[in-house]
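The residues making up each chain are set out below.
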Amino acid sequence: MTGIGNYTFHLLEQYIECAGIDEMHCFNGTQWLSGEEQLAATALLRAHGSDVSERIVDRMVERIRKAAVRVPGAKPLYSTIMDKRFCDIANRIPGAIYHETNYILRPYSGPSVTTVHDFSYKTHADFHPPNVIAWLDAKLPKSIEQSDCIITDSNLVRDELLQYFDIPEHKVRTVYLGVDACYQPRSQQQTATVLSTFGLSHGHYVLLTATLEPRKGIDTLLDAWGMLPESLRREFPRY
């Protein structure tokens, strides 16, 4: 899953365990599921992934989706249809608080919270499709205005948000991202099997987990590696 996908998954885990929340309703972009149903479906996908045939279909669907969103007017039309499907149900749930984990709030008459993860579409605009930039420029100001509270992942993003939008500072809260319990130090014995597959030694490698996009700064990381003394480059080879 993407970073925002993981963020949403773990947030849902915590919401479901929270005693102060009576029930969860999740809109996955096309349909409504209970919090438990959505959590179970996502956990199954994370645990088992998909077989080869499903991955081929997924890649085909993704290519079609990427091509479709570049058609003029396609993204706004799709968003309008999904907004209608969302608000038909959301506005019938009494006392609900709507948390949008991915920037753009859908129509909702009750209290709303959105999470803004970064402003790379502004700071690194050349790495984003023009239609996506235009869509965010049109939609994000409305989401900021609609939100009762805005969450950012860091103070840097909070400062950027306050720079780009004229809103009260108290409306924006920095909530740092947590770390999954599976991320913990492993002993040399525990890592031996996996590392030997890649010809690596315990404690002598750097792992980058990111999508292969220019805005992730991978070129900067490789440049930094290239500036190391030759002895260190031999000790920490690049793959």
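Rules used throughout
Residues numbered from 1 in each chain as written. Predicted model: local features only at pLDDT ≥ 70, side-chain atom pairs only at ≥ 80, totals over all residues. Heavy atoms only, no water. Pairing = 2+ DSSP bridges. Helix = DSSP H or I, 4+ residues; strand = E, 2+ residues; numbered from the N terminus. Axes fitted to C-alpha atoms, helices over the stretch in contact; angles between N-to-C directions. Salt bridge = Lys/Arg side-chain N within 4 Å of Asp/Glu carboxyl O. Patch = residues over 30% accessible without salt bridge, like charges linked within 9 Å, V, L, I, M, F, W, Y side chains within 5 Å. Areas by Shrake-Rupley, 256 points an atom, 1.4 Å probe, with all protein chains shown as cover. Buried < 20%, exposed > 50% of the residue type's maximum accessible area, 1.4 Å probe, protein only. Core = buried A, V, L, I, M, F, W, Y, C linked by side-chain atoms within 4.5 Å. Contact = heavy atoms within 4.5 Å.

(A) Main features of the sheet that holds strand S5 (residues 149-152). A sheet is described by the order of its strands in space; here four strands give the open sequence S3-S4-S5-S6, paired in parallel fashion. Sheet topology places strand S3 (98-100) and strand S6 (172-174) at the edges, where each strand pairs with a single neighbour. Averaged over neighbouring strand pairs, the angle between their axes works out to 20° when direction is ignored. Of the pairings in the sheet, the one linking strand S4 (residues 112-116) to S5 comprises four bridges and is parallel in character. Of the residues in S5, the one forming a bridge with threonine 114 is isoleucine 150.

(B) Highlighting the pattern of salt bridges. Counted under the stated rule, the structure contains four salt bridges. With a closest N to O distance of 2.9 Å, aspartate 88 and lysine 84 form a salt bridge. In this pair, aspartate 88 and lysine 84 are both assigned in helix H4 (residues 74-90), four residues apart and thus about one turn of the helix distant.

(C) How the structure looks around a nonpolar patch on the surface. A surface patch of nonpolar side chains, about 280 Å² in accessible area, is lined by Val206, Leu208 and Leu221. Along the chain, leucine 221 falls in helix H9 (residues 218-226). Note on leucine 221: relative accessible area 38%, which makes it partly exposed.

(D) Region of interest: the nonpolar core. Phe119, Leu140, Ile144 and Leu161 are the most contacted members of the largest nonpolar core, which has 15 residues in total. At the level of secondary structure, the elements contributing two or more residues to this core comprise helix H6 (130-146) and helix H7 (155-164). With four residues, the single largest contributor to this core is H6. Other than its neighbours up to four places away in sequence, leucine 161 contacts Phe119, Ile144, Ile150, Thr152, Ile167 and Val172. Formed by eight residues, the second largest nonpolar core is a distinct cluster that contains Phe27, Met82, Ala90 and Leu105.

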